[in-house]
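If you want the building blocks of each chain, they are given just below.
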Amino acid sequence: MITLRKKLLIVAMMIAISIPLIAYAWSGLDKGMWTRENYNTPSDVAGKNQETLPNVTMFEAIVNNMTRMDVFVCVDISDGLTEKEAELIVGTTFIQVMGEYVWHQLDSLTFDNAELRAHYNWGHDETDLGHICDVVSNLTTLKIVVDHCF
């Protein structure tokens, strides 16, 4: 009889714990996703009633010759690279590698249609900008090499 009560108590606890978890997962299931049903390009950009998804380019980043990660950037590099797109590529890469909560300053950015190079100073606060981060992106192979100090 005691074992039956323990089993019922365990089942009741499992149900009580799993219901909020399931509700949380269900509520956040489609947040932040781009789908054709919920994304319309503004008419002043794409023309009247034209539906398109944003151009997304996937880069493979190699960080300090150890870690590999995919970096997704909303740019179209097939028509040439603008300064804004170059800044978006290196900025997205920096934030994905280093995180959002470090202070950083883009010191230099050079690019052409084959490669872009960026140099950042970063730190844990605004008085600690003595760390460096170099980003080199090959736009032909879509590979990014990131070297940074800790």
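The rules we used
Residues numbered from 1 in each chain as written. Predicted model: local features only at pLDDT ≥ 70, side-chain atom pairs only at ≥ 80, totals over all residues. Heavy atoms only, no water. Core = buried A, V, L, I, M, F, W, Y, C linked by side-chain atoms within 4.5 Å. Buried < 20%, exposed > 50% of the residue type's maximum accessible area, 1.4 Å probe, protein only. Helix = DSSP H or I, 4+ residues; strand = E, 2+ residues; numbered from the N terminus. Contact = heavy atoms within 4.5 Å. Pairing = 2+ DSSP bridges. Axes fitted to C-alpha atoms, helices over the stretch in contact; angles between N-to-C directions. Salt bridge = Lys/Arg side-chain N within 4 Å of Asp/Glu carboxyl O.

Novice: Is there a simple way to explain the nonpolar core in this structure?
Specialist: Of all hydrophobic cores here, the largest spans 24 residues; its most connected members are Ile89 and Leu116. For this core, the secondary-structure elements that each account for two or more residues are strand S1 (57-63), strand S2 (67-73), helix H3 (83-98), strand S4 (115-123), strand S5 (131-138) and strand S6 (143-148). Examining the composition of this core, we find that six residues originate from one element, H3, more than from any other. Discounting chain neighbours no more than four positions away, the residues touching isoleucine 89 are Phe59, Val73, Val75, Ile77, Leu81, Leu116, Ser137, Leu139 and Ile144.

Novice: How should I be thinking about the sheet that holds S1 in this particular structure?
Specialist: Reading across from one edge, S2-S1-S6-S5-S4-S3 is the order of the six strands in this open sheet, with mixed pairing throughout. On the outer flanks of this sheet lie S2 and strand S3 (103-111), each paired with one strand and no other. The average undirected angle you get between the axes of adjacent strands in this sheet is 20°. In this sheet, S6 lies alongside S1 in parallel orientation, the contact comprising four bridges. By the bridge assignment, isoleucine 62 is partnered in S6 with valine 145. H3 contacts S1, S2, S3, S4, S5 and S6 of the sheet and is inclined by roughly 140° relative to S2.

Novice: When you look at the pattern of salt bridges in this model, what are you seeing that I'm missing?
Specialist: Between side chains of opposite charge, a pair can form when the charged atoms approach closely. Inspection of every chain in the model, using the stated rule, returns three salt bridges. Its salt-bridge partner being glutamate 60, residue lysine 143 comes within 2.4 Å of it at the nearest N-O pair. On the criterion of sequence distance, the pair formed by lysine 143 in strand S6 and glutamate 60 in strand S1 is long-range, its members being 83 residues apart. On the accessibility criterion, lysine 143 (34% relative accessible area) is partly exposed. Note that arginine 117 is salt-bridged to glutamate 115, the shortest N-O span being 3.1 Å. Given a relative accessible area of 43%, arginine 117 falls into the partly exposed group.

Honestly, it's all geometry; don't read function into it.
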